[in-house]
Amino acid sequence: LSVPVPYVDIESLIGDEKNCIWQRIRHIVQAEVPSLTRSAEYFFQPGVEGKRVRSSALLLVASALSDGEMGDPSKSALYLKPDLRPYSQYPEEVRRKQQRIAEITEMIHVATLLHDDVLDDAETRRGLNSVNKMFGNKTAILGGDFLLAKASVALAALRNTEVLILMATVIENLVTGEMMQSRSSQDERMSLDYYYRKTFLKTASLIANSCKSAALLGNHSDEVAQLASDYGYHLGMSFQLVDDVLDFVGSSSSLGKPTLSDLKSGIATAPVLFASQEEPQLVDLTLRKFKYEGDVDMASRLVAKTSGVKKTMEVAEMHASKAIKAVDSFPPARGKYAEVCRDALRHLANSVVTRRT
Ligand code: FPP
Ligand code: MG
Ligand code: MG
């Protein structure tokens, strides 16, 4: 990024807290029927937690806004490293609610992955066989439904209507984004505006609204909650743009999922849309959804000849910079711990655009 970004070891800040959250999720997803439990807990097993970007963002946003007064360590934020414990300041019941939003967010996210792999007929995810591959489509669909149901119960239990509406709207957005991706007109398929809207719905909305929810549960003003949402929005847009680049330039072994999967599913993402401005042949290929023998290879070679990947990365970097600007606009930090968490948010935004996995 064009601005210097501090290095912060995010795991040492919130690694323990995330581990507690994952333990609780594993407990929550126990079902009455073993096959439901198996599919619902599959991606919450130790070692396949994924990058945990969503929960990191929301926990750090919440802490970045907390007041840094010294308090009774036993009453302050839970699960912090002892040397940082005196700094983070939410009453225990507030931090617990923010942790609940992290659990809900990750359960919704994994529910979409289970359904997505059915829709995409994917065989691998996070370096494992996908749930549909392991247990079949029906179990994967019902496992996803079960996770959504558990997330809904957890959400209702927070007894906060505004947060409930935000997170329920995220589910609506996810479904809408997925449908926009799979059912589009020819004009829509070539449109960057349509792509950005879809990207907001299928990826950025969850991160934006979970960050916003965490701020609201921290009793912050609507203005501050909006800045939290802005951070999540830009982080999410950046994350998905990089995901779409890695589908072209990444390796399936480091990604733990197949590459060129978007082309193979007939979907043109930003690298293709930018590339088609230089290689008009890509327009025909996109409109016919890369469906003829050799189309996927030809499209990938054409994209490599253009600045499609570079231009996509520039947009991703622009969003990462805007995420950092949102942090810069937070009200003055109320303590050392809040400042460290702001640097961690800046570092997280940068690591999204420099990642290879
Ligand atoms: C991954 O995208 C998929 C999503 C981010 C959203 C999927 C949404 C649904 C399946 C609809 C609704 C489901 C629920 C439970 C609300 P991708 O296929 O581009 O990425 P990948 O490479 O990780 O598979
Ligand atoms: Mg997929
Ligand atoms: Mg998909």
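Quick caveat: nothing in here was measured; it's all calculated off a predicted structure.

## What about the overall build of the chain?
So, step 1. The helix and strand inventory of the chain stands at 17 helices and two strands.
So, step 2. When its C-alpha atoms are laid out on the principal axes, the chain stretches across 65 × 50 × 35 Å.
So, step 3. Counting all 357 residues of the chain, 45% fall into the buried class.
So, step 4. Looking at the chain alone, contacts between residues at least 24 apart form 74% of all its contacts between residues at least 6 apart.

## What to know about the site of ligand 1
So, step 1. The local shell around ligand 1 holds 17 residues, among which Ala-111, Thr-112, His-115, Asp-116 and Glu-178 are the closest.
So, step 2. Residue assignment for the shell around ligand 1 shows that the elements contributing at least two residues are α4 (92-119), α6 (137-156), α7 (161-182) and α9 (192-217).
So, step 3. No other element matches the five residues that α4 contributes to the shell around ligand 1.
So, step 4. For the shell around ligand 1, the per-class residue count stands at seven nonpolar, five polar and five charged.

## Overview of the confidence of the model for the chain
So, step 1. The predicted model of the chain averages 92 in pLDDT, with 94% of residues at 70 or higher.
So, step 2. Here residues 69-79 is modelled with pLDDT under 50, and outside its nearest four sequence neighbours on either side it reaches 22 contacts, counting other chains as well.
So, step 3. Note on residues 81-87: pLDDT is under 50 here. Beyond four places in sequence and across chains, it has 12 contacts.
So, step 4. Here the prediction assigns the complex a pTM of 0.93, and the interface score ipTM is 0.97.

## A few points about the nonpolar core
So, step 1. In terms of nonpolar packing, the biggest core is built from 91 residues, with Leu-60, Val-61, Cys-211, Tyr-231 and Leu-345 touching the most fellow members.
So, step 2. Apart from residues no more than four positions distant in its own chain, Leu-60 is found in contact with Ile-14, Cys-341, Ala-344, Leu-345 and Leu-348.

## Topic: unusual backbone geometry
So, step 1. Phi at Arg-126 takes a positive value of approximately 50°, unusual for a residue other than glycine.
So, step 2. Residue position: Arg-126 is located in the loop between β1 (124-125) and β2 (128-129).
So, step 3. Its 18 C-beta neighbours within 10 Å are what place Arg-126 among the partly exposed residues.
So, step 4. The backbone phi angle of Leu-260 is positive, close to 55°, even though this residue is not glycine.
So, step 5. Tracing the backbone through its elements, the reader meets Leu-260 in the loop between α11 (252-255) and α12 (261-264).

## Some words on the packing of α9 against helix α10 (residues 222-249)
So, step 1. Contact pair α9 / α10: the axes reach a minimum separation of 7 Å and the direction vectors enclose 150°. In this view, α9 runs roughly antiparallel relative to α10, as classed from their interaxial angle. The element α9 and its partner α10 pack so that their crossing is right-handed.
So, step 2. Residue composition of the contact of α9 with α10, grouped by class: 16 nonpolar, eight polar and one charged.

## So, the packing of helix α2 (residues 34-41) against α6
So, step 1. In the contact formed by α2 and α6, the axes pass within 8 Å of each other and the chain directions differ by 75°. By the criterion of interaxial angle, the relationship of α2 to α6 is roughly perpendicular. Contacts from Ser-35, Leu-36, Ser-39 and Ala-40 of α2 reach α6 at Thr-139, Ala-140, Leu-142, Gly-143, Phe-146 and Leu-147.
So, step 2. Per-class residue counts for the contact of α2 with α6 are six nonpolar, four polar and no charged.

## Notes on the environment of Glu-49
So, step 1. Structurally, Glu-49 is set in the loop between α2 and α3 (53-64).
So, step 2. Between the C-alpha atoms of Glu-49 and Trp-22, which are 27 residues apart in sequence, the distance is 8.2 Å.

## A word on the environment of Met-179
So, step 1. Counting through the fold element by element, Met-179 comes out in helix α7.
So, step 2. Residue Met-179 is classed as partly exposed on the basis of its 13 C-beta neighbours within 10 Å.
So, step 3. In this structure the C-alpha to C-alpha distance between Met-179 and Lys-202, which are 23 residues apart in sequence, comes to 9.5 Å.

## A word on the environment of Ala-140
So, step 1. When you line up the elements, Ala-140 lands in helix α6.
So, step 2. A sequence separation of 194 residues divides Ala-140 from Arg-334, and the C-alpha atoms of the two residues are 45 Å apart.
So, step 3. Apart from residues no more than four positions distant in its own chain, Ala-140 is found in contact with Ser-39, Leu-114, Asp-117, Val-118, Val-131, Asn-132 and Phe-135.

The rules behind these values
- Residues numbered from 1 in each chain as written.
- Chains lettered and ligands numbered in written order.
- Predicted model: local features only at pLDDT ≥ 70, side-chain atom pairs only at ≥ 80, totals over all residues.
- Helix = DSSP H or I, 4+ residues; strand = E, 2+ residues; numbered from the N terminus.
- Buried ≥ 20, exposed ≤ 12 C-beta atoms within 10 Å, placed from the backbone.
- Contact = placed C-beta atoms within 7 Å.
- Near = placed C-beta within 6 Å.
- Nonpolar A, V, L, I, M, F, W, Y, C, P; charged D, E, K, R; others polar.
- pLDDT = per-residue confidence, 0-100.
- Core = buried A, V, L, I, M, F, W, Y, C linked by C-beta atoms within 7 Å.
- Axes fitted to C-alpha atoms, helices over the stretch in contact; angles between N-to-C directions.
- Parallel < 35°, antiparallel > 145°, perpendicular 65-115°, else oblique.
- Left-handed = near helix turned anticlockwise from the far one by under 90°.

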